[in-house]
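Observations on chain architecture
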Amino acid sequence: MTATLFDLTFLLIAPFWLLMIFAPKWSWTQKIAESYLIVLPPVVIYVVLMIPVLPELLPLVTRPELGALAEFMSTPTGAALVWAHMIAWDLFVGRWMYLEGRRLDVNPLIMAPVLVITILLAPVGLPLFLIVRKVCDTTNRGTAVVTHQ
């Protein structure tokens, strides 16, 4: 069951990423991304995997030690839990980035690579997006001032 849940974790959220990357201006993409519920599939998988190992997991997260945590994460359940956690968080952050990108009217050709990097390497994608956001926000404010004069 653990292997199946591991496989499902990404498969269930891939459609949301595909919409944000390949159909960013489609009205349904925006409506779907506005819902926090899109992160529920990996969260549910996380909870299902977590409940049976909660007595073992709680000490690992309340008093983390590298060796014990590495040992747990090297098990199929530990790896699947970490994967579900990462997938849920990455989608939550990616969803926010997508919505901010739409709000700031960031070109989809700029956002697509940033979102792909976020899927693959979220800790790199987030600061990259923050730079894009800062540049676009500054540019949009400068444009807004010019058009109102």
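Residues numbered from 1 in each chain as written. Predicted model: local features only at pLDDT ≥ 70, side-chain atom pairs only at ≥ 80, totals over all residues. Heavy atoms only, no water.

**Here we look at the overall build of the protein chain**
Cut-off, in case you're wondering: A run of DSSP states H or I qualifies as a helix once it reaches four residues; a run of E qualifies as a strand once it reaches two. Both are numbered from the N-terminal end. As defined in this context, the radius of gyration uses C-alpha atoms, and a globule is described by 2.2 Å times the residue total to the power 0.38. Each residue gets one of three labels from its accessible area relative to the maximum for its type: buried under 20%, exposed over 50%, partly exposed in between, using a 1.4 Å probe on protein chains only. Reported accessibility uses the Shrake-Rupley method at a 1.4 Å probe radius. Residues are deemed covered only where the shown protein chains occlude them. For the purpose of counting charges, residues Lys and Arg are taken to be positive, whereas Asp and Glu are taken to be negative. His and the chain ends are not included. By convention, the point assigned to a charge is CZ for Arg, NZ for Lys, CD for Glu and CG for Asp.
Along its length, the protein chain carries six helices and zero strands. Counting from the amino terminus, the protein chain carries its helices and strands in the arrangement α-α-α-α-α-α. Relative to the globule expectation of 15 Å for 149 residues, the C-alpha radius of gyration of the protein chain, 18 Å, shows a markedly less compact shape. Counting only C-alpha atoms and orienting by the principal axes, one finds that the protein chain spans roughly 65 × 30 × 20 Å. A burial count over the protein chain gives 34% of its 149 residues as buried. Carbon and sulfur atoms form 73% of the exposed surface of the protein chain, whose accessible area is close to 9,100 Å². Across the protein chain, the centroid of the 9 positively charged side chains sits 15 Å from that of the 9 negatively charged ones.

**As for the packing of aromatic side chains**
To be explicit about the condition: Between the rings of Phe, Tyr and Trp (Trp by its six-membered ring), a pair exists once the centres lie within 6.5 Å; its type follows the angle of the planes, with under 30 degrees stacked, over 60 edge-to-face, and the other angles tilted.
One pass over the structure, following the stated rule, counts four aromatic pairs. With 5.7 Å between their ring centres and 25° between their planes, tryptophan 89 and phenylalanine 92 make a pair best called stacked. Pair noted here: tryptophan 89 and phenylalanine 92 are both in helix α5 (residues 76-103), with a separation of three residues, about one helical turn. The exposure class assigned to tryptophan 89 is exposed, which follows from its relative accessible area of 53%. Since its relative accessible area comes to 31%, phenylalanine 92 is described here as partly exposed.

**Things to note about the pattern of salt bridges**
Side-chain pairing between opposite charges can occur once the charged atoms of the two side chains come close. Stated precisely, the cut-off is as follows: Salt bridges are identified by distance alone: a Lys or Arg side-chain nitrogen within 4 Å of an Asp or Glu carboxyl oxygen.
The full count for this structure, using the stated rule, is two salt bridges. Of the charged contacts in the structure, one is a salt bridge between glutamate 100 and arginine 103, with a shortest N-O distance of 2.9 Å. Linking glutamate 100 with arginine 103, this pair stays in helix α5, spanning three residues, or about one helical turn. You can call glutamate 100 buried: its relative accessible area is 10%. Judged by its relative accessible area of 53%, arginine 103 is exposed. Between arginine 133 and glutamate 100 there is a salt bridge whose closest N-O contact spans 2.8 Å. One end of the pair, arginine 133, is in helix α6 (residues 108-148); the other, glutamate 100, is in helix α5, and 33 residues separate them in sequence. By relative accessible area, which is 29% here, arginine 133 ends up partly exposed.

**A few points about the confidence of the model for the protein chain**
In plain terms, the rule: pLDDT: the predictor's confidence for each residue, scored from 0 to 100. What makes two residues a contact is simply this: any of their non-hydrogen atoms within 4.5 Å.
Per-residue pLDDT for the protein chain has a mean of 93; in total, 94% of the residues score no lower than 70. Below a pLDDT of 50 lies the segment residues 144-149, which in the model reaches zero contacts outside its immediate sequence neighbourhood of four places, other chains included.

**Here we look at the nonpolar core**
Formally: Definition used in this section: a nonpolar core is a set of buried Ala, Val, Leu, Ile, Met, Phe, Trp, Tyr and Cys residues joined via side-chain atoms within 4.5 Å.
Ranked by size, the top nonpolar core spans 23 residues in total, and within it Trp17, Leu91, Met97 and Leu115 carry the most contacts. Contributions of two or more residues to this core are made by α1 (2-22), α5 and α6. The dominant element in this core, judged by the number of residues it contributes, is α6, at seven residues. Not counting chain neighbours up to four residues away, the residues in contact with methionine 97 comprise Met111, Val114, Leu115, Thr118, Gly125, Leu126 and Phe129.

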